[in-house]
Amino acid sequence: MGSIESSVHAGSFQHTLSVGSADSSQIRESVSLKTRTLRLAKGEKQQRIPAWLRYSRTWAVVATVLTIVIASVWRFVLDDEEERQFFRDSVQEIADRYAQDIKRQGVTSLSSLQALAAMIKFDDSNFTVHNFDGIAGSLIKAYKGISNLQLAPFGTVRYIHPLVDAKMDNRAALGYAQLLDPARREGALNTIRSKGIQAVGPLTLLQGGIAVIGRCSIFTRFAPKFLPTESFTKAGVTYHSNCSTPETQLLNCYFPGPLESDGVPTHFWGFATVLTLTSDLVAPVELQRLQEGAHRIGGLSQFDYQLSAEVPHASLADVNGVFAHSFRAGPGWIPEDPVTAYVDLPHFGIKWVLKVEPVDGWPRMSASFWFHLCVFLPLTGLLGLGMGVCIISDIRRKALQVEKLEEYKKDVISSDIIMSVSNVDLLQFPMCLMPVDQFMDLRRLIPHEIARDLNKLRFVDDSKTLAHLRDEEGILFFSHQWAGFFHPDEENVQYNTMLATCDELKRKEARFQWIWVDYFSIPQAAVVQQQHAINSLLAYASHCSIFVAVAPTCEHSDLASELNVHTYSVRAWCRLEQLGYLMASVHEHTPSAYLNTGQGLTPLWGAEGVVTEATSLDVMGGNFTCCARHHPDGEKCDKQRIVGVMLGIFWQLLQIRRDCPPDATRSIELL
C-alpha cells in the first residue's frame, strides 16, 4: 500500500522538495560546519582516550564484571549454604529409604499371616495343622524377618515353629489360652472383631528380647459353630470358659465370621500369630550400614541412628521405646539435630521413628568453600574481564549479521510479494472445465484424476480462450463446503442441489455451458499441481460469468455434525472463492452471484444475509479443516498455501483504489 500511495502523491512531494531546496541546502551547510568545529575542538582529547574506552558497552562490561565478582562472593556464601542443605537432604533421603525398607519388611512379615490363614481357610482335612512345621519353615524362609509362627485353634496356642532355637525357647507359650487370660482377652476379642490382622509392639518378651507380635483371626466354614469349653491356669489361678449351655454358648463362645461367596457361613477357627524379634525384622534392611561407612555424602560417611516407637509400649518405657540403634546411639543418646523418617503402618497400628545424624555432627561449611573463595573467585574476575572484551566484539559482529539477516528477510518477503503480484492473473495450472450436459450425467461428484482419465474435462491454459468462453458460452463456478474429509459429498446432497441450480438457471435463460467444481477441477493427488491450481484461484474466479454458493443442510460423514449455510459462511476456502469472484466483479453493481440452500436461488451478498462482503474478505479468520484436525502427520497448514493468493487479491484492491476512482469507494469498503 505504501508504494502505491507514494506514487500517487509523488508530484506533490517533489514540488514541496523543490520549493525548499535552497533553504535546506543552507541548513545542511550550517550543520556540517558546526560538526567539523566540534570535531576539531575534541580532536586532542579523543586522541588521548583509547578507542575502546569510548564505547559505552565497554563500561557496561566493566560494571558487569564488578557485579559478577560481588555476586560471586555472595553466590559462594549461598552455594555453601545450599551445599550443606544438600548434604542434609541427601541424608534425609537415605533415612527415608531405610524407613521405606523397614516398612516394606514389616508388611512382608505380617503378610505371612494372610498366607497361613488362607491355607487353613480352605483346609477341610487339617493338612496345614498336621504339617505346620514344614509349612511354617517355608513361610519364614520366603518372607524373612520372622522369628516364629504360631497357630492357636479356638484361641489357645498349640503349635509353634520353631519351638526352640538359639534365640529363644517358646515351650512355655504352648497351651496359652488368649481368650481366657484376663490380661489378653480384650486384645484377642478386638482381633476377632476386626476380622483381620492386628499388631502390637515392639514390646519386651517374658522369655527375653524385644519383638513385634502380629495376630490374625481365622474364620472357616469347617470350624464348629461354638468354641469348646476350656480351662487355663496362670500364676496358680485357673480360668474356665463356660460353653456348656445354649445361653453361655451365645454369650461367650459364638463368633460368626463373614459369609463365603456361595453364601455358606463361617465361624471362628482360631488365631495365626507371627512373632518377629526386632533384630530379625531389621536384619534384611541392614541398618548397620549407616555406621559402617556404606554411604558417602561429601565428607560424611558414618552416621548414628536410632529406631524407636513413637508411642512406646509400657515394657519399653525405661528405654524411651528404642529397639534398634547404632553403637553410640543407645537409649540415652540425645541427638543434636537429626533428620527424622517415619515407619508408618496405619493398618497394623504401627508408627516408628528413625533418627539419623552424622557421627561427627553436621559440617559448618562445605569442603570446597575455601577453594572457591581463594582460587575460583579471582579466576572468575579474570575470565569475566576476558569474556567482556570478547562479548563486545561478538556483539558488534552479531549486530552486523542480524542487520544482514533482516535485509535478507525483507528481500525474501519482497520477492514473495512481487511473485504473488506478478502471478495474480497468471494461470499456473490450466482451468479445468466440464461441459454442463456431462456434469448433469455424472450422478455424483468425481475427483479430478477420474474426470481427466474419462476425458470429461477441458484444460484451458490461456486467458484469451477463457475470456472467450466466459463471454460467448458462459462458465458457472460452484462453491461448496466439503461434507467429509476424503469425499466432498458422500450422500449426493450438494450434487443434487447443483443439478437443481443448473435447471433453475436454464429456466431463467442464463447462459452457461461449462462448470467448475473444485473436486474435479483441482488435482487431488498431485500436491505440487494442486498448489499451482490454488495459486490460480483468483484467475479462475475472474473468468467465471456466474458464481453459485451451494449450501444445503446435510451431515458431515466423518464428524456427524450438521452442515448448512452458517457453516458454509465460516469456511475459509469458501470465503476465498467468494472473494476471488468478488474481486473479478468489483466493477459490477449487481454481480451474478447466488446462494442455493436447497430452496432455490437467492442473491449471495444480501444486506441481511448470512454471507456478506465483510465475511468474504475475512478469509484468514475462517475455519480451516487442517487446523481443526491439528495437522495430522505434519500436514502443511492451508493458511500457508493461500498466502500468495491473498497477497494478489489485496494488490488488486490497491490497484482499484489507485487506478479506478469511480470504483474506489467499494474497494476501500472491502479493505
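Calculation notes
- Residues numbered from 1 in each chain as written.
- Predicted model: local features only at pLDDT ≥ 70, side-chain atom pairs only at ≥ 80, totals over all residues.
- Heavy atoms only, no water.
- Helix = DSSP H or I, 4+ residues; strand = E, 2+ residues; numbered from the N terminus.
- Buried < 20%, exposed > 50% of the residue type's maximum accessible area, 1.4 Å probe, protein only.
- Contact = heavy atoms within 4.5 Å.
- Areas by Shrake-Rupley, 256 points an atom, 1.4 Å probe, with all protein chains shown as cover.
- Disulfide = S-S within 2.5 Å.
- 1 Å grid on protein atoms, 1.4 Å probe; cavity = no way out; pocket = protein on both sides within 12 Å on 5 of 7 lines; lining within 4 Å.
- Points joined across faces, edges and corners; volume = space filled by probe spheres on them.
- Nonpolar A, V, L, I, M, F, W, Y, C, P; charged D, E, K, R; others polar.
- pLDDT = per-residue confidence, 0-100.
- Pairing = 2+ DSSP bridges.
- Phe/Tyr/Trp six-rings, centres within 6.5 Å; stacked < 30°, edge-to-face > 60°.
- Lys NZ or Arg CZ within 6 Å of the ring centre and 35° of its normal.
- Salt bridge = Lys/Arg side-chain N within 4 Å of Asp/Glu carboxyl O.
- Patch = residues over 30% accessible without salt bridge, like charges linked within 9 Å, V, L, I, M, F, W, Y side chains within 5 Å.
- Axes fitted to C-alpha atoms, helices over the stretch in contact; angles between N-to-C directions.

Draft legend 1. Highlighting the overall build of the protein. The helix and strand inventory of the protein stands at 24 helices and 20 strands. Burial statistics for the protein: of 671 residues in total, 42% are counted as buried. The contacts in the protein between residues at least 6 apart in sequence include a share of 69% that link residues at least 24 apart. Accessible surface computed for the protein: about 36,600 Å², of which carbon and sulfur atoms make up 57%.

Draft legend 2. Structural view of the state of the cysteines. For the coordinates displayed, the defined rule picks out 1 disulfide. Between the sulfur atoms of Cys243 and its disulfide partner Cys253 the distance amounts to 1.6 Å. Judged by the torsion about the S-S bond (-75°), the Cys243/Cys253 disulfide is left-handed. You can see Cys243 sitting in the loop between β6 (237–240) and α8 (246–252) and its partner Cys253 sitting in the loop between α8 and β7 (267–277), a full 10 residues away along the chain.

Draft legend 3. Local environment of the layout of surface pockets. Considering only enclosed or pocket space, the largest pocket measures out at about 1,200 Å³ in volume. The leading source of residues in the lining of the largest pocket is helix α16 (residues 527–535), at 4 residues. Residues that form the lining of the largest pocket fall into these classes: 19 nonpolar, 11 polar and 10 charged.

Draft legend 4. Summary view of the confidence of the model for the protein. On average, residues of the protein score 79 in pLDDT, and 80% of them reach the 70 mark or higher. This stretch, residues 1–47, has a pLDDT under 50; its non-local contacts, to residues over four places away or in other chains, come to 10 contacts.

Draft legend 5. Quick peek at the pairing of strand β4 (residues 210–220). Buried residues dominate β4, accounting for 10 of its 11 residues. Pairing geometry for strand β3 (residues 197–204) and β4, over 6 bridges, is antiparallel. Counted as the bridge partner of Leu203 is Ala211 from β4. Note: β4 against β7, 10 bridges, orientation antiparallel. When the bridges of β7 are listed, Arg215 appears paired with Thr273.

Draft legend 6. Seen up close, the packing of aromatic side chains. Following the criterion strictly, the structure yields 17 aromatic pairs and no others. Linked through ring pairs, Phe477, Trp516, Tyr540, Phe547 and Tyr581 together constitute an aromatic cluster. We note Arg215 situated over the ring of Phe271; from NZ or CZ to the ring centre the distance is 5.4 Å. Sitting over the ring of Tyr342, Lys351 keeps its end group 5.4 Å from the ring centre.

Draft legend 7. Summary view of empty space enclosed by the protein. For the structure shown, the criterion picks out 1 cavity of 30 Å³ or more. As a volume, the largest cavity reaches approximately 50 Å³. For the largest cavity, the full set of lining residues is Gly106, Ser109, Leu110, Val212, Thr276, Leu281, Leu345, Ile350 and Trp352. Secondary-structure elements contributing two or more residues to the lining of the largest cavity are α4 (56–121) and β11 (350–358). If one sorts the elements of the lining of the largest cavity by residue count, α4 sits on top with 3 residues.

Draft legend 8. Here's a closer look at the pattern of salt bridges. Under the counting rule described, the total for this entry stands at 13 salt bridges. Among the salt bridges present, the one from Glu186 reaches Arg193, with a minimum N-O distance of 3.4 Å. Classification of Glu186 as partly exposed rests on a relative accessible area of 46%.

Draft legend 9. Representation of a nonpolar patch on the surface in the model. Together, Leu379, Leu382, Leu383, Met387 and Ile391 give the surface a local cluster of nonpolar side chains, amounting to about 510 Å² of exposed area. As for its position among the elements, Leu383 is in helix α10 (residues 369–422). Owing to a relative accessible area of 55%, Leu383 belongs among the exposed residues under this scheme.

Draft legend 10. Spatial organisation of the sheet that holds strand β12 (residues 431–435). The 7 strands are arranged β13-β12-β15-β14-β16-β19-β20 in an open sheet whose pairing can be described as mixed. The open sheet has two free edges, formed respectively by β13 (458–460) and β20 (601–603), since each of these has just one partner strand. Within this sheet the neighbouring strands show an average axis-to-axis angle of 35°, counted without direction. Pairing geometry for β12 and β13, over 3 bridges, is antiparallel. Looking at the pairing, Cys432 lines up with Phe459 of β13. Sitting on the sheet, helix α13 (residues 463–473) touches β12, β13, β14 (475–480) and β15 (514–517), and the angle it makes with β13 is about 120°. Sheet contacts for helix α14 (residues 493–507): β14, β15, β16 (546–550), β19 (593–596) and β20; angle to β14, the most-contacted strand, approximately 145°.

Draft legend 11. Broad picture of the environment of Ala451. Relative to the helices and strands, Ala451 resides in helix α12 (residues 448–453). Not counting residues within four places of it along the chain, the set of residues in contact with Ala451 comprises Met434, Ile446, Lys456, Leu457 and Phe520.

Draft legend 12. Representation of the sheet that holds strand β8 (residues 303–309) within the structure. If you trace the 4 strands from one edge of the open sheet to the other, you get β9-β8-β11-β10, paired in antiparallel fashion. The two strands at the open ends of the sheet, each matched to only one other strand, are β9 (322–325) and β10 (339–345). For this sheet, the mean inter-axis angle between neighbouring strands, taken without regard to orientation, is 20°. Strand direction decides the pairing type here: β8 and β11, joined by 7 bridges, are antiparallel. Bridge pairing in β11 places Leu307 opposite Leu354.

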